[in-house]
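# Observations on the three-dimensional arrangement
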Amino acid sequence: MIAGVALLAICTLIGQLLGEGLGVLLGVKANVGGVGIAMILLIAARMWLKTRGRYNEGVSRGIGFWGALYIPIVVAMAAQQDVVAAVEGGPIVLIAGVGALLLCFSAVALISRLSGTPETMDEIEAREAREALDAARAPSPVTTH
Amino acid sequence: MEMITKVLTANALLTAFAVVGIVMWLSNILSAKLTMGRVHGSAIAILIGLALAFWGGIATGGHKGLADLPMLAGIGLMGGAMLRDFAIVATACEVDVEQAKKAGLIGVVALLLGTILPFIVGALVAASFGYTDAVSMTTIGAGAVTYIVGPVTGAAIGASSPVIALSIATGVFKAVMVMVGTPLVAGLIGLNNPRSAMVFGGLMGTVSGVSGGLAATDRRLVPYGALTATFHTGLGCLVAPSILYLIVRAIVGG
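What you are looking at is a predicted structure, and each value in this text was computed from that prediction instead of being measured.

## What about the overall build of chain A?
If you tally the helices and strands in chain A, you get 7 helices and 0 strands. Listing each helix as α and each strand as β along chain A from the N terminus yields α-α-α-α-α-α-α. Taken over the C-alpha trace, chain A has a radius of gyration of 22 Å; the compact-globule value for 145 residues is 15 Å, which it surpasses by more than 25%. With the C-alpha coordinates of chain A rotated into their principal frame, the extents come out at 75 × 40 × 30 Å. By the burial criterion, 39% of the 145 residues in chain A qualify as buried.

Right under this line is the structure:
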């Protein structure tokens, strides 16, 4: 279990470090893509461990635990926003915020429409469940008739 | 009473776990009983969190919502950038690499649009309210991108403190609206698959807004949105004080 938490922590730290480095390199006072780099590192580490047969239950549980805590953490994050300032900002904040929001929502809708209809999350899960079932059936010869 | 306060303050993070747990438990009951499960429990929990943050801000006069109450300081640690990023990275294990690759290019397009569109809106609104100098327009426009890009840009190009405060407020307001609004419009904008989640992450920006909004819509979409949203702030901090500022200055002068 600690192996999974440690792996997650190492990936997150390296990601943040590379993100900071990328920021310095680009002359930007911010972390550029630290979380994204860390996610890619973790995906790569998982694939590497899987091919060597080292991705065991403990590692998976250590990472899974933090993934499952994600929503409660977001709730805590919401509870510490400066909502008062956002509300008190007045009309300029309201108009700029809502305007930007509506424009971006429309752009999401437009891009999604323009690029055809991909599989929805429900369809992907249904297909994967079907494939898993087929795979489970395949090795053992069916003894009907 | 004093004893209770002492224990809760000394164990701040555990207090936060308990409080958030109770909020989520209540939200799930409200979701099932009041809305017949139509509104996600997590969406209600995030709304309650924001409402509590508003109350905390009024009660203490601070800027960190509920986390400004000494007893609930653990909320600040639990919902802070460290654990938030840690948990988001953990969701990467749920990413379907094939799906993510398919949306790669369109994610980049979304990222660019997600920086430019809000910037234009923010700068135009700023100008219409009398902030017609290039520095103020750029700073408020950058705030409409995210609440981190705003102050970073403002500091870089020398904006005044009230303008920086306005740009932060615009960004925070946008993030809050993304959290609240996403579940409402999810069906309308086709937010039910990994690709649109990546487009959404690139366009809406702010890891907090995107992750909160997607969490309230469909938990499975969170890692895809986070994958692109994470580059949003960096990209904004890169182009807003440089290219975008130069463009604005070329248009309005000075």
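## Some details on the overall build of chain B
Secondary structure summary: chain B contains 13 helices and 0 strands in total. Helices and strands appear in chain B in the N-to-C order α-α-α-α-α-α-α-α-α-α-α-α-α. Here chain B has a C-alpha radius of gyration of 19 Å; the compact-globule value for 254 residues is 18 Å, and the two agree. Summarising its shape, the C-alpha atoms of chain B cover approximately 60 × 45 × 30 Å along the three principal directions. Scored against the burial criterion, the 254 residues of chain B give a buried share of 60%. Looking at chain B alone, contacts between residues at least 24 apart form 65% of all its contacts between residues at least 6 apart.

## Description of the UniProt feature "transmembrane region" (unreviewed entry) in chain A
All names here are of chain A. On the UniProt side, "transmembrane region" (unreviewed entry) is annotated at positions that read residues 29–49, 61–80 and 92–111 here. Span residues 61–80 is 85% helix and 0% strand, its end C-alpha atoms 29 Å apart. The span residues 92–111 is 100% helical and 0% strand by assignment, and the distance between its end C-alpha atoms comes to 28 Å.

## Considering the packing of helix H2 (residues 34–51) of chain A against helix H5 (residues 81–90) of chain B
Relative to each other, H2 of chain A and H5 of chain B sit at 40 degrees, their axes nearing to 9 Å. As summarised for this structure, H2 of chain A and H5 of chain B are arranged oblique, according to the angle between their axes. The hand of the H2 of chain A/H5 of chain B crossing is right-handed. For the pair H2 of chain A and H5 of chain B, contact is made by Val35, Ala38, Met39 and Leu42 of chain A and by Asp85, Ile88 and Val89 of chain B, respectively.

## Quick notes on the environment of leucine 42 of chain A
As for its position among the elements, leucine 42 of chain A is in helix H2. Residue classification places leucine 42 of chain A among the buried residues on the basis of 24 C-beta atoms within 10 Å. Measuring from C-alpha to C-alpha, the distance between leucine 42 of chain A and arginine 52 of chain A comes to 15 Å, with 10 residues separating the pair along the chain. The contact partners of leucine 42 of chain A, leaving out residues within four places of it in the chain, are Leu8 and Cys11 of chain A together with Val89, Ala92 and Cys93 of chain B.

## So, the nonpolar core
Leu42 and Val75 of chain A together with Ile46 and Val89 of chain B are the most contacted members of the largest nonpolar core, which totals 126 residues. Per-element accounting of this core gives the leading share, 14 residues, to helix H13 (residues 222–252) of chain B.

## Some remarks on the domain arrangement of chain B
Interfaces are often sized by the accessible area lost when the parts come together. Residue and element names in this part refer to chain B. Along its sequence, chain B is carved into domain 1 (2–79) and domain 2 (94–252). Relative to domain 2, the C-alpha centre of domain 1 lies at a distance of 26 Å. Its residues assigned to classes, the side of domain 1 that touches domain 2 shows 4 nonpolar, 2 polar and no charged.

## Thoughts on the packing of helix H11 (residues 194–204) of chain B against helix H12 (residues 207–217) of chain B
Packed helices, taken two at a time, are described by their axes: the angle between them and the distance between them. Residue and element names in this part refer to chain B. Running from N to C, H11 and H12 point in directions that differ by 145 degrees, and their axes come no closer than 9 Å. Relative to H12, the crossing made by H11 is right-handed. On H12, the residues that touch Ala197, Phe200, Gly201 and Met204 of H11 are Gly209, Val210 and Leu214. Here the contact of H11 with H12 is built from residues that sort into 5 nonpolar, 2 polar and no charged.

## Some words on the UniProt feature "transmembrane region" (unreviewed entry) in chain B
Residues and elements named next belong to chain B. As annotated by UniProt and renumbered to match this structure, "transmembrane region" (unreviewed entry) occupies residues 12–30, 42–59, 71–93, 105–131, 137–159, 171–191, 197–217 and 229–252. Along residues 105–131, the helical share is 89% and the strand share 0%, with 36 Å between the first and last C-alpha atoms. Counted over residues 171–191, helix gives 71% and strand 0%. Its end C-alpha atoms are 22 Å apart.

## A look at the interface of chain A and chain B
Between chain A and chain B, the contact holds 66 residues from the first and 95 residues from the second. At the level of elements, helix H1 (2–26), H2, helix H3 (57–68), helix H4 (70–78), helix H5 (83–88) and helix H6 (91–114) of chain A are the ones that each hand at least two residues to the side of chain A that touches chain B. For the side of chain A that touches chain B, the element with the most residues is H6 of chain A, which contributes 18 residues. Classifying every residue of the side of chain A that touches chain B by side-chain character gives 45 nonpolar, 16 polar and 5 charged.

## Here's the deal with the domain arrangement of chain A
As far as domains go, chain A holds domain 1 (1–75) and domain 2 (81–137). Just the C-alpha atoms count here: the centres of domain 1 of chain A and domain 2 of chain A sit 23 Å apart.

## Things to note about the environment of serine 196 of chain B
By secondary structure assignment, the location of serine 196 of chain B is in helix H11. Residue class for serine 196 of chain B comes out buried when judged on the 29 C-beta atoms lying within 10 Å of it. Beyond its immediate sequence surroundings of up to four residues, serine 196 of chain B is in contact with Val108 and Ser112 of chain A together with Gly190 and Leu191 of chain B.

Definitions and cut-offs
All chains use their own residue numbering, which begins from 1 and follows the written sequence. Written order decides the labels, with chains lettered from A and ligands numbered from 1. Under the rules for a predicted model, residues below a pLDDT of 70 receive no local features and side-chain atom pairs below 80 are neither given nor counted, while totals for whole chains, interfaces and linings still include all residues. The way it works is that DSSP assigns letters per residue, a run of H or I at least four long becomes a helix, a run of E at least two long becomes a strand, and they are numbered from the N terminus. Both definitions apply: the radius of gyration is a C-alpha atom measure, and the globule rule equals 2.2 Å times residues to the power 0.38. Residues with at least 20 other C-beta atoms within 10 Å of their own are called buried, those with 12 or fewer are called exposed, and the rest are partly exposed. The C-beta atoms themselves are positioned from the backbone. Contact criterion: two residues are in contact if their C-beta atoms, reconstructed from the backbone, are within 7 Å. UniProt positions are given in the numbering used here, feature names are shortened, and annotations may be inferred rather than shown by experiment. A fitted line through C-alpha atoms represents every axis, and for helices the fit uses only the stretch in contact; the resulting angles, taken between N-to-C directions, go from 0 to 180 degrees. Angles are sorted into four bins: roughly parallel if under 35 degrees, roughly antiparallel if over 145, roughly perpendicular if 65 to 115, and oblique for all others. Take the far helix as your reference; a near helix turned counterclockwise from it by less than a right angle gives a left-handed crossing, and one turned clockwise gives a right-handed crossing. The nonpolar core criterion groups buried Ala, Val, Leu, Ile, Met, Phe, Trp, Tyr and Cys residues into a set whenever they are joined through C-beta atoms within 7 Å. Each domain's limits were defined by an automated method or a database of domain assignments. Think of it as three bins: nonpolar holds Ala, Val, Leu, Ile, Met, Phe, Trp, Tyr, Cys and Pro, charged holds Asp, Glu, Lys and Arg, and polar takes everything else, Gly as well.

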